[in-house]
Each structure stands twice: as C-alpha cells, then as structure tokens.
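Commentary on secondary and tertiary structure
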Amino acid sequence: MHRRRRTALVLAAAIASAAPLLTACGNDAHPGAAAVVGGQRITVAQLESRVNEVRQAQRAAVPDETQYQQVVSSTSSLTRDTLHNMVLDQVLHRAARDAGVTVTRKEIQQMRADLERQTGGSKGLETAWLQKYGIAPGHLDDNLRLQLEAQKLAAKLGTDTSQPAFWQALSKASGELHVDLNPRYGSWDVQKSSRVDAKTPWVREVTGAGDELTA
C-alpha cells in the first residue's frame, strides 16, 4: 500500500500547490487548445469539462456553502493541476508502451477491490480519491490504470517511481510527444515531465473561484 500511496501522490491530480490562477490577456497562440500532445489537442472545453466534474463531485460531497467555498479555495489550482495530469497521463502511457508495459482491465479491478477494502467500500474510495487527489468518481479507474502503469514501468526499469531512472523514461516520452502547452497554462518541462508556470507580462493573477475555468 505504501508504494501505491506514494505513486498516487506523484501522479494524482492534486499537486498540493496553491499558486494564483492565471487568466490570459492578448493573443492566444493555441486557439481552442489547452495543450497539444503527440499532435493531438487537449481542448479547453475538455479541460473545463474535467474540472467541472471535480467541482460537481465536491459540491455533492460538501453541500454546506461555506465549507464548499473552503474546498474551492484549497484547490484553487485545480484547472492547471488537472491539465498537468491529463498531459502526464499520455506521457506515462507512451513511456509504458515504449517499455512494453500493459495494464489489463482485470488488474485495474483487482487494485480497485483492494483499495475499496481499505477505504470502506466503493463510496469510501471515491471520496478518498476526490479529497486527496482531486479525482472525480468517473475518472477513478483511469487514475488507477495510470498508477498501475507507473508501478509496472518502474518495475520493468528495475527502480521505483521516486528514482531518476523512472523520470528519465518519462522525459524521453515527453520529448517524443513534443508536448506543447498553451502559454496561459504555463509550459512543459521535458526533463521533469511536469508543467511549470510561465511568467509573462500578458498574464494577470486572479483569486476569485468564479474565474477558475478561465485559468
């Protein structure tokens, strides 16, 4: 369980940062796209949809308005964190494919069953993943596949997910995919396989939760 928890912390949507949201002003060099990975666009609409799923799940879990606003405030970087993980998902999948690693539906179901026993059932697992990692229930299995790919890739490399050899494989995959982020969301550090904030004069900071999806 310790390795799974560590992998989840590395790869899950909540990256434990509270950096201010970003809203672009001026020309958009990536019209309609939040990122381009391997020639395929992750559209702003797709990103917004994923973020809205998390917000709706948070609202359902925390009906009290004051508490909900506290949750929103504590996850103010949700849009950028979500994009980070949508990109990282594809990078990791490419690295796993390059290494001949595959994950079966049966393995995902087994991992989920194991975790459900530890968290008090399906609902408990969904709540835990939403609160800890910002994963909406509808994408929980996708996240478990991601974690299994990471674990199996690390094992294939004779290392673990905290070691340089693992991240070097992801760096190689990032380079192959030519990850390109819309500047309003920062940029992609190929060496670290991670999104970084760009400091540009045409970006302003905003703090209102209502501005989340324009970040």
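Residues numbered from 1 in each chain as written. Predicted model: local features only at pLDDT ≥ 70, side-chain atom pairs only at ≥ 80, totals over all residues. Heavy atoms only, no water.

1. Some thoughts on the pairing of strand β3 (residues 40-43)
Stated formally: Pairing between two strands is assigned when DSSP locates at least 2 bridges connecting them. Helix and strand labels come from DSSP, where a helix needs a run of H or I of at least four residues and a strand needs a run of E of at least two; each type is numbered from the N terminus.
Two strands pair when backbone bridges link them, and strand β2 (residues 33-37) and β3 are joined in this way by four bridges, in the antiparallel orientation. Looking at the pairing, Ala35 lines up with Ile42 of β3. Counted between consecutive antiparallel strands, the loop separating β2 from β3 contains two residues, among which Gly38 sits at a positive phi close to 60 degrees.

2. Some thoughts on helix α4 (residues 78-98)
At 3.6 residues per turn, the α-helix brings residues three or four places apart onto the same side. To be explicit about the condition: A helix is expected to span 1.5 Å for every residue after the first. Relative accessibility thresholds used throughout: buried, under 20% of the residue-type maximum; exposed, over 50%; partly exposed, between the two (1.4 Å probe, protein chains only).
Helix length check: α4, at 21 residues, gives a terminal C-alpha distance of 30 Å against a target of 30 Å (1.5 Å per residue), a fit within 8%. Here α4 lies mainly inside the structure; 16 of its 21 residues are buried. Phi for Gly100, located one or two positions after α4, is positive at around 75 degrees.

3. Some points on the packing of α4 against helix α8 (residues 164-177)
We count it as follows: Only the stretch in contact is used when a helix axis is fitted, and all axes are lines through C-alpha atoms; the angle between N-to-C directions ranges over 0 to 180 degrees. Should an angle fall under 35 degrees it is called roughly parallel, over 145 degrees roughly antiparallel, and 65 to 115 degrees roughly perpendicular, with every other angle called oblique. The contact rule is simple, with two residues in contact once any of their heavy atoms fall within 4.5 Å. Any residue outside Ala, Val, Leu, Ile, Met, Phe, Trp, Tyr, Cys, Pro, Asp, Glu, Lys and Arg is labelled polar, Gly included; the first ten of those are nonpolar and the last four are charged.
One way to put it is that α4 packs onto α8 with a least axis distance of 8 Å and a crossing angle of 105 degrees. Between α4 and α8, the angle falls in the class roughly perpendicular. Along its contact with α4, which presents Leu88, Gln90, Val91, Leu92, Arg94, Ala95 and Asp98, the element α8 presents Phe166, Ala169, Leu170, Lys172, Ala173, Ser174, Glu176 and Leu177. A per-class count over the contact of α4 with α8 returns nine nonpolar, two polar and four charged.

4. Some words on the nonpolar core
For soluble globular proteins, the rule of thumb is that nonpolar side chains tend to be buried together. The condition is simple: The nonpolar core is taken to be a set of buried Ala, Val, Leu, Ile, Met, Phe, Trp, Tyr and Cys residues, with the residues joined through side-chain atoms within 4.5 Å.
In terms of nonpolar packing, the biggest core is built from 34 residues, with Leu83, Val87, Val91, Leu170 and Val179 touching the most fellow members. Of all the secondary-structure elements, those providing two or more residues to this core are β2, α2 (44-61), α4, α7 (140-156) and α8. Considering every element that reaches this core, the biggest residue donor is α4, with nine residues. With residues up to four places along the chain from it excluded, the contact list for Leu170 reads Leu88, Val91, Leu92, Ala95, Leu153 and Ser193. Core analysis: the second largest hydrophobic core is formed by 12 residues, Ala128, Ile135, Leu140 and Leu148 among them.

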